[in-house]
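Analysis of the macromolecular model
Here are the chains, one letter per residue:
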Amino acid sequence: MNKITNHLPTAELQRLDAAHHMHPFTDANGLAQKGARVITSAKGVWLRDSEGNKIIDGMAGLWCVNIGYGRTELGDVAKRQMDELSYYNTFFQTTHVPAIALAAKIAELAPGDLNHVFFAGSGSEANDTNIRLVRRYWQVKGQPEKRVIIARKNGYHGSTMGGGSLGGMSPIHAHGGKIDGIVHIDQPDWWSEGGDMTPEDFGLARAQALETAINEIGVDKVAAFIGEPIQGAGGVIVPPSTYWPEIQRICDKYGILLIADEVITGFGRTGNWFGSQTFGIKPHIMTIAKGLSSGYQPIGGSIISDEVFNVVAEGGELYHGYTYSGHPVAAAVALENLRIIQEEGVVEHVRNVAHPYLAERWAALTDHPMVGEAKLVGLMGSIALTPNKATRAKFASEAGTVGYKVRERCFANNLIMRHVGDRMIIAPPLVITPSEIDVLIERAKKSLDEGYAAIKAEGLFVAG
Ligand code: PXG
């Protein structure tokens, strides 16, 4: 059998990578000088690189490997499915068993009347589907002018033109522009933007920005609001407890559709199957991807309420779909992943074991001189780095300078913990054990200490 392995020296792999492989969200010239780290294998929460380092993955890949790496059942299922039906489409009045079974399983797991699934290949594609769905919904209801979607600054919804436009990250908009009809309101990031307000008052105020926006735009023009229950790529921004109930009240009051982007928060990450359950959100549509297959296959989708489905169906054909919508191999693998999550009690493990164990140790990181707040919901956490905890001051250096230095120490200490600006973030595989959490925390502390020493030595530990 043709086993893919580390068959070349690291330097040669890096040279070929730099010469031919263009990476996402990467400064190509900078990377070419440094050389990319080559990951060669993984098991559980542990990665191996081409130099033989054993790295603890505090990010579950890119927030997706919920059941951990190397579960051979998924490969077995993929092989069986490829042998039986490697591909067929779900256009033109055909279907197949994996897509049927997965859609039915997702409908069973999803709360309320979220009973219909439209499959995509990724979270970005699913959010592009959502833009069409909500605009089509209002067209069929005879209100085609209702097409504006309200989203948040510093939200992340993907990197296609639709997903990137829903996201509120201006550097992304700067590269290629953004589609029309999307309006961004301020985010519920109390640590950075809450000033003298209590978190609760600030959460209410930031939710009420939605009402203000609806009134400014005109409710007759607004189709939907989209938000991540917890902003992930934006830095694991956990909204104050007042935020989501107020958003829900406003969506209900004005009758606009609510889309919960559960690409990161879905499938156990927050200690429930969906982040919407953790925050009491009742969405009309959920975006899913990542943990749906634990990253073993690329698959995403939209879970759609009876109400939205029925209205769109009334309109006849929806001119939308992807070659790989409901791909049989991806669907079969996702189904096996959900079986493992359910039968092995992975969500309960997060809620009853891993979260409580990590929560105590994560909170204790605020004893470190550079750590302001520590947030953890389920297994999604962040810490804010600051030169002054009392005032929640920002560093004088450009945002991210300090965070990057700590991340470099994590990298050197064989811990994958990322930075977003001057916040450090984690989202480990959901199957992480208490002893692995000890390793994660020990390496995080070491990296913080080393980062702190370097930052002080360089004169960067100053408020802006
Ligand atoms: N919605 C959310 C909430 C996401 O986090 C997407 C949609 C898009 O999914 P796809 O499968 O198209 O990538 C995401 C993806 C980061 C990072 O730097 C986060 C994501 C993707 C890439 C990088 O944290 N999230």
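Points about the overall build of the protein
Looking only at helices and strands, the protein features 17 helices and 15 strands. In terms of C-alpha radius of gyration, the protein reaches 22 Å, essentially the compact-globule figure of 23 Å for 464 residues. Along the three orthogonal principal directions, the C-alpha set of the protein runs to about 65 × 65 × 45 Å. Counting every position in the protein, which comprises 464 residues, the buried fraction comes to 52%. When the 43 positive and 50 negative side-chain charges of the protein are each reduced to one mean point, those points stand 3 Å apart.

Re the packing of aromatic side chains
The way to describe two aromatic rings as a pair is by their centre distance and the angle between their planes. Applying the stated criterion across every chain yields a total of eleven aromatic pairs. Considering the side-chain rings of phenylalanine 267 and tryptophan 273, the 6.4 Å spacing of their centres and the 85° angle between planes classify their relative orientation as edge-to-face. Each member of the pair, phenylalanine 267 together with tryptophan 273, is buried. Of the aromatic side chains, those joined through ring pairs into one cluster are Tyr87, Tyr88 and Tyr324. The cationic tip of arginine 392 hangs over the ring face of tryptophan 190; the distance from NZ or CZ to the ring centre is 3.7 Å.

Overview of unusual backbone geometry
The phi angle at asparagine 154 is positive, at roughly 65°, despite the residue not being glycine. Mapped onto the secondary structure, asparagine 154 falls in the loop between β5 (148-152) and α7 (161-166). With a phi close to 60°, asparagine 414 is a non-glycine residue in the positive phi region. As for its position among the elements, asparagine 414 is in the loop between α16 (401-412) and β13 (415-416). Residue class for asparagine 414 comes out buried when judged on its relative accessible area of 16%.

What to know about the site of the ligand
Close contacts around the ligand come from 16 residues, with Trp63, Gly123, Ser124, Asp261 and Arg418 the closest. One of the backbone nitrogen or oxygen atoms of glycine 123 is found 3.0 Å away from an oxygen atom of the ligand. In the model, an oxygen atom of the ligand is placed 2.8 Å from a nitrogen or oxygen of the arginine 418 side chain. Notes on the ligand: free accessible area 540 Å², of which the protein chains cover 83%. Among the elements of the structure, α3 (60-63) and α6 (123-140) are those that each provide at least two residues to the shell around the ligand.

Observations concerning the state of the cysteines
Taken as a whole, this structure holds zero disulfides when the rule is applied. Cysteine cysteine 64 remains unbridged, with the sulfur of cysteine 410 as its closest cysteine sulfur at 19 Å. We classify cysteine 64 as buried; its relative accessible area is 15%.

Description of the pairing of strand β11 (residues 371-377)
Burial within β11 is extensive, with five of its seven residues counted as buried. As paired elements, β11 and strand β12 (residues 380-385) share five bridges and run antiparallel to each other. Residue pairing across strands places lysine 375 opposite serine 382, the latter belonging to β12. Count of turn residues in the β11/β12 antiparallel hairpin: two residues, of which glycine 378 carries a positive phi of about 55°.

Things to note about helix α17 (residues 434-457)
In an α-helix, one turn spans 3.6 residues; hence positions three or four apart end up facing the same way. Taking 1.5 Å per residue as the helical rise, α17 with its 24 residues ought to reach 34 Å, and the 34 Å between its terminal C-alpha atoms agrees with that figure. Among the residues making up α17, those that are buried are Glu436, Ile437, Leu440, Ile441, Ala444, Ser447, Leu448, Gly451, Tyr452 and Ile455. Two residues or fewer after α17 comes glycine 459, characterised by a positive phi angle close to 75°.

Re the domain arrangement of the protein
By the assigned domains, the protein splits into domain 1 (37-67 + 345-457) and domain 2 (73-343). When each unit is reduced to the centre of its C-alpha atoms, the spacing between domain 1 and domain 2 is 26 Å. Contact residues are listed per partner, giving 32 residues for domain 1 and 37 residues for domain 2. Taken as a group, Ile67, Met380 and Arg392 account for 28% of the area that domain 1 buries against domain 2, more than any other trio of residues on that side.

Points about the sheet that holds strand β7 (residues 222-227)
Taken together, the seven strands give an open sheet; going across it, the order is β4-β10-β9-β8-β7-β5-β6, and neighbouring strands pair in mixed fashion. Edge positions in the open sheet fall to β4 (114-120) and β6 (182-185), since each of these has one partner strand only. Shown here is a sheet whose adjacent strand axes are inclined to one another by a mean of 20°, direction ignored. Note: β5 against β6, four bridges, orientation parallel.

Cut-off values and rules
- Counting from 1, residues in each chain are numbered in the order their sequence is written.
- In keeping with the predicted nature of the model, local features appear solely for residues at pLDDT of at least 70, side-chain atom pairs appear and are counted solely at 80 or more, and the whole-chain, interface and lining totals rest on all residues.
- Each side-chain value is derived from all of the structure's non-hydrogen atoms; neither hydrogens nor water enter the calculation.
- A run of DSSP states H or I qualifies as a helix once it reaches four residues; a run of E qualifies as a strand once it reaches two. Both are numbered from the N-terminal end.
- With the radius of gyration taken over C-alpha atoms, the globule rule is written as 2.2 Å times the number of residues to the power 0.38.
- Here the term buried applies to any residue with accessible area under 20% of the maximum for its type, exposed to any over 50%, and partly exposed to those in between, with areas from a 1.4 Å probe on protein chains only.
- Positive residues here are Lys and Arg, negative ones are Asp and Glu, while His and the chain termini are left out of the count.
- Where a charge lies is defined by one atom per residue type, namely NZ (Lys), CZ (Arg), CG (Asp) and CD (Glu).
- When the centres of two rings from Phe, Tyr and Trp lie within 6.5 Å, Trp using its six-membered ring, the rings pair. Their planes under 30 degrees apart give stacked, over 60 give edge-to-face, and anything left gives tilted.
- Working rule: Lys NZ or Arg CZ, within 6 Å of ring centre, within 35 degrees of ring normal, means a charge sits over the ring.
- Proximity is defined per residue: any heavy atom of the residue falling within 4 Å of a molecule or strand makes that residue near it.
- Here a polar contact is recorded for every N or O atom pair within 3.5 Å, except that within protein the pair must consist of a potential hydrogen donor and a potential acceptor, and residues adjacent in sequence are included only if both atoms are side-chain atoms.
- Each accessible area is a Shrake-Rupley result for a 1.4 Å probe, and residues are judged covered by the shown protein chains and nothing else.
- The criterion for a disulfide is a pair of cysteine sulfur atoms lying within 2.5 Å.
- Here the rule is simple: two strands pair whenever DSSP picks up at least two bridges between them.
- Here, expected helix span is obtained from the residue count minus one, scaled by 1.5 Å.
- Domain boundaries shown here were taken from an automatic or database domain assignment.
- A contact between two residues is defined here by any heavy atoms of the two lying within 4.5 Å.
- Buried area adds together the accessible area that both of two parts lose upon being put together, with accessible area traced by a 1.4 Å probe.
- Here an axis means a line fitted to C-alpha atoms, over the contact stretch when the element is a helix, while the angle between two N-to-C directions is reported on a 0 to 180 degree scale.

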